Amino acid sequence: MKGISSRYRPVFAGLAGLLLGWGGREWMRHEPGDSAGSEWGNFAGSARRGPPEKRSAPLPTGPMTQLLKDLSTATAAECEERVRALKAGNASHPEMELEAILRRWMEFEAPEAIYRKMVAMEGRWLMEGRGAFFAAWFAHDEAEAMNREILPIFDGVRALFAMDHGDPHFIDYLTEGRQGFLRFEEDFEKSLVALASSHPDVAQLITAKKVRVTEALRKKAVSAVARGWAMRDPGAALAWVRSLGLSREDFLASCGAVLSEWVKTDPTSAAVALKEAGLEGKTGFRLGDNGIGNQAIMLLDKPRDGSARMMLALHRDPFLTVEGLFQQLSEADIDWEKSRPMQPAIDHDGWYLADSRAAALDAEELPPGKARDYILENLCRNLAAEDLDAAVEIAARNGITSSYLESLQSEPGEDEIRAAFAAPEESFASLFEPGEGTDPDRTYKLAMKWAEVQPEAAAGWLILQPLPEGDGPGRDQLLFSNTLGYHWARNDALGAVGWMESLPDGPTRARAWRAMQDRVSEYSPDLAFELSVAQLEGESRLPLMKSQLQEVAKSIGYPAAFELLNSPDVSARNAPNDLTISRREMVNLRDRAAGL
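Residues numbered from 1 in each chain as written. Predicted model: local features only at pLDDT ≥ 70, side-chain atom pairs only at ≥ 80, totals over all residues. Heavy atoms only, no water.

(A) Region of interest: the nonpolar core. Counting residues in each nonpolar core, the largest one holds 75 residues, and the members touching the most others are Leu 102, Phe 133 and Leu 192. In terms of residue count, the dominant contributor to this core is helix α12 (residues 215–232) (eight residues). Dropping the residues within four chain positions of it, Leu 102 is found in contact with Val 83, Ile 114, Met 118, Ala 132, Phe 133 and Ala 136. (Core = buried A, V, L, I, M, F, W, Y, C linked by side-chain atoms within 4.5 Å. Buried < 20%, exposed > 50% of the residue type's maximum accessible area, 1.4 Å probe, protein only. Helix = DSSP H or I, 4+ residues; strand = E, 2+ residues; numbered from the N terminus. Contact = heavy atoms within 4.5 Å.)

(B) Spotlight on the side chain of His 487. Mapped onto the elements of the fold, His 487 is located in helix α27 (residues 475–489). For His 487, a relative accessible area of 12% gives the class buried. In this view, His 487 contacts Met 448, Ala 451, Glu 452, Pro 455 and Asn 482; residues no more than four positions away in its chain are not counted.

(C) Up close: helix α17 (residues 306–316). Counting buried residues along α17, nine of its 11 residues qualify, which places the element largely inside the surrounding structure. The complete set of buried residues in α17 reads Gly 306, Ser 307, Ala 308, Arg 309, Met 310, Met 311, Leu 312, Ala 313 and Leu 314. One side-chain oxygen of the residue at the start of α17 lies 3.0 Å from the amide nitrogen of Ser 307, identifying that residue as Asp 305. (Polar contact = N/O pair within 3.5 Å; in protein donor to acceptor, adjacent residues only side chain to side chain.)

(D) Molecular detail of helix α26 (residues 455–462). Within α26, the full set of buried residues consists of Pro 455, Ala 458, Ala 459, Trp 461 and Leu 462. All buried residues of α26 fall inside an arc of 165 degrees around its axis, so they share one side. Elements that come into contact with the buried residues of α26 comprise α24 (424–428), α25 (440–453), α27 and α28 (493–501). (Arc of directions from axis to C-beta.)

(E) Local environment of the pattern of salt bridges. Per the counting criterion, the structure on display carries 19 salt bridges. In this structure, the salt-bridge partner of Asp 155 is Arg 158, at a minimum N-O distance of 3.1 Å. Placement of both Asp 155 and Arg 158 in helix α9 (residues 155–164) is noted, with a separation of three residues, approximately one turn of the helix. Of the two residues, Asp 155 and Arg 158, neither departs from the other in class, the shared state being buried. (Salt bridge = Lys/Arg side-chain N within 4 Å of Asp/Glu carboxyl O.)

(F) Quick look at the environment of Asp 441. The residue Asp 441 is located in helix α25 in this model. The exposure class of Asp 441 is partly exposed, given its relative accessible area of 49%. Spatially, the C-alpha atom of Asp 441 lies 9.2 Å from that of Leu 431, the residues being 10 residues apart in sequence.

(G) Representation of the packing of helix α19 (residues 356–364) against helix α20 (residues 370–384) in the model. Interaxial distance between α19 and α20 falls to 9 Å at its minimum, and their mutual angle equals 160 degrees. In terms of orientation, α19 lies roughly antiparallel with respect to α20. Read as a crossing pair, α19 and α20 show a hand that is left-handed. Contact with α19, carried on its side by Ser 356, Arg 357, Ala 359, Ala 360, Ala 363 and Glu 364, involves Arg 372, Ile 375, Leu 376, Leu 379, Asn 382 and Leu 383 of α20 and no other residues of that element. Here the residues of the contact of α19 with α20 sort into seven nonpolar, two polar and three charged. (Axes fitted to C-alpha atoms, helices over the stretch in contact; angles between N-to-C directions. Parallel < 35°, antiparallel > 145°, perpendicular 65-115°, else oblique. Left-handed = near helix turned anticlockwise from the far one by under 90°. Nonpolar A, V, L, I, M, F, W, Y, C, P; charged D, E, K, R; others polar.)

(H) View of the packing of helix α14 (residues 248–265) against α17. Remark: α14 packs on α17, axes separated minimally by 9 Å, with the N-to-C direction vectors making an angle of 90 degrees. Relative to α17, the element α14 is oriented roughly perpendicular. Contacts between α14 and α17 involve Val 263, Lys 264 and Thr 265 from the first element and Leu 312, His 315 and Arg 316 from the second. Among the residues forming the contact of α14 with α17, the class breakdown is two nonpolar, two polar and two charged.

(I) Main features of the packing of aromatic side chains. Here the structure, examined in full by the defined rule, presents 14 aromatic pairs. With a centroid separation of 5.6 Å and 20 degrees between ring planes, the pair formed by Phe 133 and Phe 154 is classed as stacked. Here Phe 133, found in helix α7 (residues 127–140), pairs with Phe 154, found in the loop between α8 (142–145) and α9; they are 21 residues apart in sequence, far enough to count as distant. Side by side, Phe 133 and Phe 154 carry an identical accessibility label, which is buried. Among the aromatic residues, those joined into a cluster by ring pairs are Tyr 115, Phe 133, Phe 134, Trp 137, Phe 138, Phe 154 and Phe 161. A cation over an aromatic ring shows up here: Arg 490 above the ring of Tyr 486, its NZ or CZ 3.9 Å from the ring centre. If you follow Arg 511 out to its NZ or CZ, it ends over the ring of Phe 480, 5.8 Å from the centre. (Phe/Tyr/Trp six-rings, centres within 6.5 Å; stacked < 30°, edge-to-face > 60°. Lys NZ or Arg CZ within 6 Å of the ring centre and 35° of its normal.)

So, in structure tokens, the structure goes:
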């Protein structure tokens with residue numbers, strides 16, 4: 001294998017650029033003509049303007065440039081001390097600095113000896129630190145770095161380097177229990193996807209019987225190969241998956257990986273393949289994360305749906321112009337009679353242009369037809385968030401009727417909202433005690449507006465109301481969960497948690513926590529895990545703990561997540577059998593952490 005892994009090329013290129021910049025600055029600092037035989041210096045001198053004595057100030061030396069300059073004369077002892085200082089400090093690019101130091105250090109001592117010293121420094125180090133070590137080692141002596149007999153704990157990263165080079169011998173490094181990388185599974189899947197997209201014949205070797213990896217990793221590997229191969233030839237990838245004789249669960253997962261990619265390039269053929277493979281309506285079949293979410297499922301289920309086609313076009317090009325979108329929708333096979341406009345989504349989803357008004361005016365100039373009207377209605381929906389009157393006017397003059405715009409026109413006005421906020425208990429009492437002459441839909445809209453503007457006050461009132469039992473999809477439950485979760489914990493997780501903990505211990509507090517736990521988990525997965533352990537009882541606790549463990553591991557690292565699972569507080573609050581089940585979920589994480 002020649003060259004440098006794509007995983008570390010940016011680091012090496014950056015170091016080389018810094019060295020070149022340093023040398024260039026040194027050359028620029030010389031006086032014209034002061035170098036021996038300097039024709040360039042004389043030329044520069046003849047072209048200078050102004051008196052020679054008025055020189056510009058020297059360019060400042062950046063931290064990385066200075067580091068490389070200092071390392072050029074550093075001793076082995078000084079390199080070791082720099083590594084210790086780097087581990088204890090807060091460097092902005094620690095992996096780049098560490099690699100530079102290690103490359104100099106390896107000029108004096110054997111990489112294996114340096115590794116032993118680094119292990120002794122901390123006992124366990126970050127994945128980035130080990131990655132920088134191997135990158136320096138690979139640059140120092142490629143053959144030695146790839147030798148399985150030396151430091152076998154690096155077999156995992158050796159496999160990654162081999163895959164990056166399309167080397168079929170990558171499987172020789174895959175020995176169970178010797179991957180030794182904290183994020184090995186994640187990196188391994190990414191590398192396999194990339195390998196399969198360029199060398200599917202090589203990537204298929206992962207299914208060979210002699211590859212000694214855990215069964216869980218092998219299952220993920222098959223899906224990764226299927227996904228990568230599908231980027232190149234989805235039909236061949238699906239045929240390969242069907243030939244493997246996989247279990248039902250693995251078969252559905254791998255087919256989902258193939259179709260997740262296929263649907264992005266040819267949704268019609270993907271939908272046909274879905275039916276031919278007998279996957280239509282199969283329980284357990286789901287698509288992988290392909291960047292277009294639920295719209296991908298719509299494309300497979302309804303390949304002629306206008307909304308799904310629009311999302312696909314915008315996924316391919318998020319900066320698509322109105323004219324470009326019109327061209328793509330006009331060329332697609334779309335059933336306009338059954339296509340409905342996209343609902344403007346919460347947060348960031350949907351098509352939001354820099355100037356919705358200008359885009360809508362541009363759409364008016366498009367050739368008449370279903371595609372134009374569909375685009376125009378979507379643009380009017382977006383414009384309504386900024387200027388409802390303008391959106392209604394543009395839609396009306398183009399003969400577009402929109403129930404969404406009509407519903408916005410019936411929204412409570414500012415005076416009505418102000419009056420409701422002034423006396424919320426009286427205004428919203430009919431939500432739970434309907435009376436004659438009340439409009440429950442309008443009252444609900446007012447309550448949602450109250451939750452948006454004053455979530456703490458709304459939460460304090462709602463928690464005292466006779467809410468239906470359970471956390472179902474009813475309107476009252478939705479109001480409660482949106483108030484505590486979306487409107488409060490999403491914007492102020494700690495404030496929402498503090499309020500929740502002030503409630504009396506029992507079902508009420510547990511219900512409040514369930515309403516906000518997803519949003520708190522986005523803020524701090526480990527905090528959400530600890531609160532789930534503390535606040536929930538019975539059957540609801542274990543499933544939530546299990547689902548949160550992976551996010552916790554991503555946030556605080558696998559070893560720390562396992563320690564959290566074994567903490568006295570978690571042990572005291574959980575039945576032994578529940579802890580055993582949770583630990584089983586973490587067993588692969590524990591095995592990787594044990595080698596540190």
